[in-house]
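Spelled out from the first residue to the last, the chains are:
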Amino acid sequence: MPIIHVENLIKKYNGTEAVKGVSFEVNEGEVFGFLGPNGAGKTTTINILCTLLGFDSGTATVNGFDCKKDPHRVRQSIGLVFQEMTLDNELTAYENLKFHCYMYNMEKRLSEERIAEILEVVGLTDRKKDIVKKFSGGMKRRLEIARGLLHRPKVLFLDEPTLGLDPQTRSHVWDFIHSLMKREGNTVFMTTHYMDEAEACDRIAIIDRGRIIACDRPDALKKALRGDTIYLKTADNDKAAVEIESKFGLSPKRIEGGLSLLVESGEKFIPRLFEKLETGISSINLKRPSLEDVFINLTGREMRNEGPAPRMRP
Ligand code: ADP
């Protein structure tokens, strides 16, 4: 029984479909990512699942509860971390967490136990009495995630959890999310337009213009491209190219100082190349396809050209 089940979901804004019949399932304990360019429909979908937004047709259930018919029970079983910071800057870390416990009607002793525990997990115990205004971006994000987990939700929803953070902090927040998931055993549903974040998910759905265009494990999506690129330098590139054509039936491309060739599986091909090629190999490199390549292959466009999305590495 999947913990999130979405079928043929349609959401229109003023008559225009933003989500155009999306279907997918998320299994318990998975880190599931929604990857897509700006405007693809990620936030709309996550908001529907969190019951913050209604929808026009289709079905959506979270933890067995219907998002339309039973929104209250959906809300009780989920945690949420938004793109924008929603902590109260004027309160301390402890007070922010305590306020959340009141909202969830948690009993006093249990609240204190959970707050102490979660502050320890996020490494903020010694800062609990400091007002949030003084915290760095990474500390605030950690506190927000901690708050989202206070009531032990079965599913944690993260909408672009590291947007606006510097690369080092992003990587820390990610390590933290993964170790937390291992410890707490929750399911995570997250949206991102960062390829490296999508790589770290158990499974991803690639969404473009309101439609899911692929859904699988990141490595399976890349494997489906059927192509690793091998960059090769040899003692005599012309001779090597002729040899590769005749021995393997492949057509290497001439590149500066060497050859490049597309093969189905680099790891299987390289040993054969060393075995059969008589021209001496001086260097060899293997480039695996990226999720960006997957997106380009499916849409004919680059994901990063779709909007003002900041890139992690220049
Ligand atoms: P993403 O999160 O992938 O960037 P969104 O779900 O925010 O995408 O947006 C999907 C589409 O719906 C976009 O074309 C966006 O302009 C449109 N949209 C989002 N929110 C609204 C709204 N409140 N009113 C009208 N159009 C909206």
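Residues numbered from 1 in each chain as written. Predicted model: local features only at pLDDT ≥ 70, side-chain atom pairs only at ≥ 80, totals over all residues. Heavy atoms only, no water.

## What to know about helix 4 (residues 108-121)
So, step 1. The end-to-end C-alpha separation of helix 4 is 20 Å, in line with the 20 Å expected for 14 residues at 1.5 Å each.
So, step 2. Along helix 4, the residues classified as buried are Ser111, Arg114, Ile115, Ile118 and Leu119. Relative to the axis of helix 4, the buried residues are bounded by an arc of 130° and lie together on one face. Looking at helix 4, the residues exposed on the side facing more than 90 degrees away from the buried face are Arg109 and Glu120.
So, step 3. Just past helix 4, the residue glycine 123 takes up positive phi, approximately 65°. (Helix = DSSP H or I, 4+ residues; strand = E, 2+ residues; numbered from the N terminus. Expected span 1.5 Å × (residues − 1). Buried < 20%, exposed > 50% of the residue type's maximum accessible area, 1.4 Å probe, protein only. Arc of directions from axis to C-beta.)

## Notes on the site of the ligand
So, step 1. Taken together, Tyr13, Ala18, Pro37, Asn38, Gly39, Ala40, Gly41, Lys42, Thr43 and Thr44 make up the full set of residues adjacent to the ligand.
So, step 2. Residue glycine 41 places a main-chain N or O atom 3.0 Å away from an oxygen atom belonging to the ligand.
So, step 3. Measuring from an oxygen atom of the ligand, one finds a side-chain N or O atom of lysine 42 at 2.9 Å.
So, step 4. Considering the ligand on its own, with 560 Å² of exposed area, one finds that the protein chains cover 55% of that surface. (Near = heavy atom within 4 Å. Polar contact = N/O pair within 3.5 Å; in protein donor to acceptor, adjacent residues only side chain to side chain. Areas by Shrake-Rupley, 256 points an atom, 1.4 Å probe, with all protein chains shown as cover.)

## Some points on the layout of surface pockets
So, step 1. The calculated volume of the largest pocket comes to roughly 660 Å³.
So, step 2. Lining of the largest pocket is provided by 22 residues; of these, Arg75, His100, Met103, Tyr104 and His151 occupy positions nearest its centre.
So, step 3. Residue assignment for the lining of the largest pocket shows that the elements contributing at least two residues are helix 2 (71-76), strand 6 (78-81), helix 3 (93-103) and helix 5 (137-149).
So, step 4. It is helix 3 that provides the largest number of residues to the lining of the largest pocket, a total of four residues. (1 Å grid on protein atoms, 1.4 Å probe; cavity = no way out; pocket = protein on both sides within 12 Å on 5 of 7 lines; lining within 4 Å. Points joined across faces, edges and corners; volume = space filled by probe spheres on them.)

## Thoughts on the packing of helix 9 (residues 237-248) against helix 10 (residues 266-276)
So, step 1. Packing of helix 9 against helix 10 brings their axes to within 12 Å, and their N-to-C directions diverge by 110°. Between helix 9 and helix 10, the angle falls in the class roughly perpendicular. Taken as a pair, helix 9 and helix 10 cross one another with a handedness that is right-handed. Of the residues in helix 10, those in contact with Glu243, Ile244, Lys247 and Phe248 of helix 9 are Phe269, Arg272, Leu273 and Lys276.
So, step 2. A per-class count over the contact of helix 9 with helix 10 returns four nonpolar, no polar and four charged. (Axes fitted to C-alpha atoms, helices over the stretch in contact; angles between N-to-C directions. Parallel < 35°, antiparallel > 145°, perpendicular 65-115°, else oblique. Left-handed = near helix turned anticlockwise from the far one by under 90°. Contact = heavy atoms within 4.5 Å. Nonpolar A, V, L, I, M, F, W, Y, C, P; charged D, E, K, R; others polar.)

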